[in-house]
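Take a look at the letters that make up each chain.
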Amino acid sequence: MSASIHLEGRTFVPGSLLRGRVSLEPLAEHLGRRVELAVLWETEGKGDTDMGVVYYRVLADGDEKAASSEHAFEVTLPFLPLSYHGVLLKIGWRVRVRRLAPLGDDFVHDEPFELGWPP
Amino acid sequence: MLLVTPMSKRAGPFATLFQILVTVPFAAAGIGSIAQAVRSGRLGGVIPGALFTAAAGWMFVRAIRARRSSESRSLGGVSATIADVVAPVVLDYRTAAAPSRTAAQIYAPLLLTAPLPRIRTKPGLVLARMLPPPSVANVFGLLFAAVFWNLVTLPFVVVAILERSFGLAAFVSIFVAVGIFLAVFAAKGILARAKLARVELSEEPVFVGDEVTIHVEQRGKAQVNRFEVDLVCRETVTFTVGTDTRSEDHDVFAQSLVDAGPVALARGERWPHQVTVRLPSNLPGTFRSARNGIRWLVRVRADIAGWPDYDELYELRVLPKVGS
Amino acid sequence: MIGPGRATNPFSAARFVPGRIPWLARDPQHLDRLAARALAPGAQHQVVGVHGSGKSTLLAHLESVARRHGMTVVRFRGSRGVPMHALARVALRGPRVVLVDEVEELAPFAFTLVRAFAASLDASLVGSAHRDLGLPTLLHARVGAETAARVVAHLAPEASFPGGFEERLARHGGNLREVLFELYDELEAGTSAEDRVR
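Since the structure is predicted, the reported quantities are computational estimates derived from the model, not experimental observations. (Residues numbered from 1 in each chain as written. Chains lettered and ligands numbered in written order. Predicted model: local features only at pLDDT ≥ 70, side-chain atom pairs only at ≥ 80, totals over all residues.)

S.K.: Would you mind going over the interface of chain C and chain B with me for this structure?
M.R.: One widely used convention gives an interface's size as the accessible area the parts lose upon coming together. Residue-level contacts link 16 residues of chain C with 14 residues of chain B. At four residues, the largest contribution of residues to the side of chain C that touches chain B is made by helix α3 (residues 84-92) of chain C. For the side of chain C that touches chain B, the per-class residue count stands at six nonpolar, five polar and five charged. (Contact = placed C-beta atoms within 7 Å. Helix = DSSP H or I, 4+ residues; strand = E, 2+ residues; numbered from the N terminus. Nonpolar A, V, L, I, M, F, W, Y, C, P; charged D, E, K, R; others polar.)

What follows is the structure in structure tokens.
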């Protein structure tokens, strides 16, 4: 499976609207699989990963048409946490498409973006 | 970019049912023990009963929460409420919120749902808000554990001495010594907290880039050799290394606010220090998640003659300035 | 955006959690051969090695291979006890695989129970430990300088470390995880590795 995520911008201010589209191109044998879309923040760095999800939607779950079509989405971004590039800790925002695999590894595709106030 | 990210799997209905069933004997034992203790008038029996009942409740909550996947769990815990509260804040932003509005007012709807620490300030005596003193739960927990440890090990020493098994007594004494060391360590921690400074702020939470006045006050009776107050912004991360969990800190910003002493304070006498500082605008705001955080801290260190020294952290919330 | 550090660090912990990077042995068939032995019905094996030598990584990859082959897998850490509900679930469907990280953290009786459970269901069992458990050894996990170089090249393809990794591994007792943390710190501090990764 492949997925492409198109966002209307790379940098967003808190409280603004994030708009985007997800195009799914599943392999024939993956058509019945559940595909989820999430907008989330995730920590990275020297510590273990934490995450928080601000938007979650099931794009397809057994529906072959939905599994191979384009999905538009929009979400009002929260005020916290802002993107941060620290020494031990980094906080990143991503749009994530995840196809669940009952057998084997899930397919995960991320599109990062920045959330913050202009300097 | 294509990533394979391991995420926690959602617990199935069978697992959830099993976990709930496991709680039943705990709950039954707990409630039964409490009922029995109350009926027989032996109220000491209530404590183990309460512990069992609490354990059952905790396991039940865990079982229910494990039903959700990592994304949906996070959504349920955070964003469902964020979705509700973001709107009024967004309106404020778009209608150019008056600059006089404080961080507490702007972020009020988010303080309980955003990834921030819960900090319960009180009205201050000198400034607007008083920061809560560091928790004593750990120190009392350590003292309790040390006393329990000694209650278990000490009888063995006594019996060994009575039986004239001095070798065994010497061996078990090592364990008693460890218990005594822990008890002394805990007692010193509790004593040190008896003379902790009071920390107050002109406002809390506060915006990054704003000025904040910090009032720190040491009370007597104390012969203070040195008294230091710093403002610190600190990254904290926790990671698992094999079977160990390790933490690491990195100070992104540290500024000395007070470095004073020596001074002799009479009983009841106060030694106040008040500093106004502008928080640099290029620094991050407070953040707290399960294993990682960005903490803003007032660090107070005191070297007190004839009394345990202390080095304590008072946490405050510093939040990004809206629109900047 | 705000922050004193790099936007990304290729040696972030999340990028090398067990299972995240491929099994980077010199022989591309190595994992398949290990899996064929480990996942045979009724087989019981141990993976022995020091901290950070790849034991959990191998278990994660065995889990992945087993799932791809339609096997029912239960994998748990000994330090968190035996997940009875997961074992019960495994009992319902076969073929089955039981993977136990940190076996020595389990009570000996509990591990005997898990072994008996696996044997009774003809499930394959692999346990990882720091010492010999008396089971047939699937792999004596050890990270050499060559493997370390492959892992680092996978995480940071543009990096080059002329000195190699022998000295670093020796300093950390063969623990690759600690070596990667060291590289993380070096990148953030802008020291030796700074100019090697863009």
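Structure shown, so let's carry the discussion forward.
S.K.: So what exactly am I meant to see when it comes to unusual backbone geometry here?
M.R.: Most peptide bonds adopt trans geometry, and most residues besides glycine take a negative phi value. Here the bond from B:E204 into B:P205 is cis, since omega is 0°, no more than 30 degrees from zero. Here B:G261 and B:P262 are connected by a cis peptide whose omega angle stands at 0°. Mapped onto the elements of the fold, B:P262 is located in the loop between β8 (244-260) and β9 (263-265). One non-glycine residue, C:E102, adopts positive backbone phi at about 55°. Counting through the fold element by element, C:E102 comes out in the loop between β3 (96-101) and α4 (108-121). Phi is positive for C:D122, which is not a glycine, with a value near 60°. Its 13 C-beta neighbours within 10 Å are what place C:D122 among the partly exposed residues. (Buried ≥ 20, exposed ≤ 12 C-beta atoms within 10 Å, placed from the backbone.)

S.K.: Explain the nonpolar core to me, please; I cannot follow it from the model alone.
M.R.: Note that soluble globular proteins tend to have their nonpolar side chains buried in a common cluster. One finds A:V39, B:V206, B:V298, B:V300, C:A148 and C:L180 to be the most contacted residues of the largest nonpolar core, which totals 90 residues. Element by element, the count of residues in this core is highest for strand β7 (residues 222-241) of chain B, at eight residues. If near-sequence neighbours (up to four positions away) are discounted, B:V298 is found in contact with B:L131, B:V199, B:I214, B:V229, B:L231, B:Y314 and B:L316. Among the nonpolar cores identified, the runner-up in size contains 34 residues, and C:L59, C:A86, C:L99 and C:V126 belong to it. (Core = buried A, V, L, I, M, F, W, Y, C linked by C-beta atoms within 7 Å.)

S.K.: Honestly, α4(C) in this entry has me stumped. Any pointers?
M.R.: Note on helix geometry: an α-helix contains 3.6 residues per turn, so any two residues three or four positions apart are oriented the same way. All names here are of chain C. Between its first and last C-alpha atoms α4 spans 20 Å; for 14 residues at 1.5 Å apiece the expected length is 20 Å, and the two agree. Looking at α4, one finds that the buried residues are F111, V114 and A118. The buried residues of α4 all sit within an arc of 55° when viewed along its axis, so they share a single face. Exposed side chains of α4 directed beyond 90 degrees from the buried face belong to P108, F109, T112, A116, A119 and S120. Buried-residue contacts for α4 involve β1 (44-48), β3 and β4 (124-129). At the C-terminal side of α4, D122 shows a positive phi close to 60°. (Expected span 1.5 Å × (residues − 1). Arc of directions from axis to C-beta.)

S.K.: Could you clarify how one ought to interpret the sheet that holds β4(C) in this entry?
M.R.: Note on sheets: strands pair through backbone hydrogen bonds, and any given pair is parallel or antiparallel. Residues and elements named next belong to chain C. Across the sheet, five strands lie side by side as β2-β3-β4-β1-β5; this open sheet has parallel pairing. Unpaired on one side and paired on the other, β2 (72-77) and β5 (137-140) mark the two borders of the sheet. On average, each strand axis in the sheet is inclined to that of its neighbour by 15°, with strand direction left out of account. Here β1 pairs with β4 via five bridges, running parallel. Each bridged residue has a counterpart across the sheet, and for V47 the counterpart in β4 is S128. Strand contacts of helix α2 (residues 55-68): β1, β2, β3, β4 and β5, with the helix running at about 165° to β3, the strand carrying the most contacts. Along the sheet face, α4 touches β1, β3 and β4 and points at about 165° away from the line of β3. (Pairing = 2+ DSSP bridges. Axes fitted to C-alpha atoms, helices over the stretch in contact; angles between N-to-C directions.)

S.K.: Quick question: what am I supposed to make of the pairing of β1(C) here?
M.R.: In the case of a regular strand, side chains alternate between the two sheet surfaces. All names here are of chain C. β1 sits mainly inside the fold: five of its five residues count as buried. Burial along β1 is two-sided: the residues Q44, Q46 and V48 and H45 and V47 are all buried. Note: β1 against β5, three bridges, orientation parallel. Residue pairing across strands places Q46 opposite T137, the latter belonging to β5.

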